[in-house]
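Understanding the architecture of this molecule
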Amino acid sequence: MNFQKIEFELAAGKEDQLPESSFPEIVFCGKSNVGKSSLINKLANRKALARVSATPGKTATINFYRLPDCRFVDLPGYGYAKVSRAEKERWANLVEGYFAQQRRIALVIQLLDMRHEPTQDDISMINFLLETGHPFVVVCTKSDKLNQTQSTAQKALFTEVFQEAEINFYPFSAVSGVGLEQVKELIEQAVVQNG
């Protein structure tokens, strides 16, 4: 699968702007500033395909990217405190509206920050994915920011948190490229299965 043949398709700010789901969709989900844009850019091998923002909570739309075999869907980040309640509700309605539609969701990539314990919002999102039966994996971003000892400790923590539900997690770094090939393989497998 050629990840470099990717183009920005559209940004949907309301549910009625969502495009028809005619291709397998790879959904990127996580809290604000967890590194969704950085992961998409790394997969595409481009610096600025997805806008990386220094300000959390900037992506207030669902952004769609077209590839020959599938579509990447970048959901707005959740859990950013400085956004108004009305804006949070709009985001929640938009994301819930997306999942409520009959869409060809091949895989949800749930991003967590490798440096921290999963937040309550992270756990809520994972529980939602478990309850709705959407296929998903957890990708732990910013793994390059941990030394060996910290990395071992965090892997043990995530193993403990996820073992009961048998959730796989994959350390990833947009800086060093750790985990990139694994994520590509997971996407390719999901697209083939949904083809």
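Residues numbered from 1 in each chain as written. Predicted model: local features only at pLDDT ≥ 70, side-chain atom pairs only at ≥ 80, totals over all residues. Heavy atoms only, no water.

Our focus in this paragraph is the overall build of the protein chain. Scanning the protein chain from N- to C-terminus turns up five helices and seven strands. Along its sequence from the N terminus, the protein chain presents helices and strands in the succession β-β-α-β-β-α-β-α-β-α-β-α. Here the protein chain has a C-alpha radius of gyration of 16 Å; the compact-globule value for 195 residues is 16 Å, and the two agree. Each of the three principal axes of the protein chain carries a C-alpha extent, and together these read 45 × 40 × 35 Å. Counting the 195 residues in the protein chain, one finds 48% classified as buried. The contacts of the protein chain with a sequence gap of at least 6 include a subset with a gap of at least 24, amounting to 77%. Of the roughly 10100 Å² of accessible surface on the protein chain, a fraction of 47% belongs to carbon and sulfur atoms. (Helix = DSSP H or I, 4+ residues; strand = E, 2+ residues; numbered from the N terminus. Rg over C-alpha atoms; globule rule 2.2 N^0.38 Å. Buried < 20%, exposed > 50% of the residue type's maximum accessible area, 1.4 Å probe, protein only. Contact = heavy atoms within 4.5 Å. Areas by Shrake-Rupley, 256 points an atom, 1.4 Å probe, with all protein chains shown as cover.)

For the protein chain, the average pLDDT comes to 90, and 94% of its residues sit at 70 or higher. By mean pLDDT, helix H2 (residues 85-100) is the weakest element of the protein chain at 84, and strand S5 (residues 105-113) is the strongest at 97. (pLDDT = per-residue confidence, 0-100.)

Here we come to the layout of surface pockets. Empty space within the second largest pocket amounts to approximately 390 Å³. For the second largest pocket, the lining is made up of 16 residues, of which Tyr 78, Ala 92, Val 95, Glu 96 and Met 125 are closest to its centre. Breaking the lining of the second largest pocket down by element, the ones donating at least two residues are H2 and helix H3 (120-132). Its residues assigned to classes, the lining of the second largest pocket comprises 10 nonpolar, three polar and three charged. (1 Å grid on protein atoms, 1.4 Å probe; cavity = no way out; pocket = protein on both sides within 12 Å on 5 of 7 lines; lining within 4 Å. Points joined across faces, edges and corners; volume = space filled by probe spheres on them. Nonpolar A, V, L, I, M, F, W, Y, C, P; charged D, E, K, R; others polar.)

Attention shifts here to the pairing of S5. Burial of S5 is extensive: nine of the nine residues sit out of reach of the surface. As paired elements, strand S2 (residues 25-30) and S5 share six bridges and run parallel to each other. Paired with Glu 25 across the bridge in S5 is Ile 105. In this sheet, strand S6 (residues 136-141) lies alongside S5 in parallel orientation, the contact comprising six bridges. The residue bridging Leu 112 from the neighbouring strand is Cys 140, located in S6. (Pairing = 2+ DSSP bridges.)

Here the focus is H2. Turn by turn, an α-helix covers 3.6 residues, leaving residues three or four places apart pointing in a common direction. If you check H2, its first and last C-alpha atoms are 22 Å apart, about what 16 residues at 1.5 Å a residue would give, namely 22 Å. Of all the positions in H2, only Trp 91, Leu 94, Val 95, Gly 97, Tyr 98 and Phe 99 are classed as buried. Here the buried face of H2 lies against strand S1 (7-12), S2, strand S3 (62-66), strand S4 (71-74), S5 and H3. (Expected span 1.5 Å × (residues − 1).)

If you trace the seven strands from one edge of the open sheet to the other, you get S1-S3-S4-S2-S5-S6-S7, paired in mixed fashion. Bordering the open sheet on either side are S1 and strand S7 (169-171), each of which pairs with just one other strand. Looking at each pair of strands side by side, their axes are set apart by 25° on average, direction ignored. Set on the sheet, helix H1 (residues 36-44) makes contact with S2, S3, S4 and S5; between it and S2 the angle comes to about 145°. (Axes fitted to C-alpha atoms, helices over the stretch in contact; angles between N-to-C directions.)

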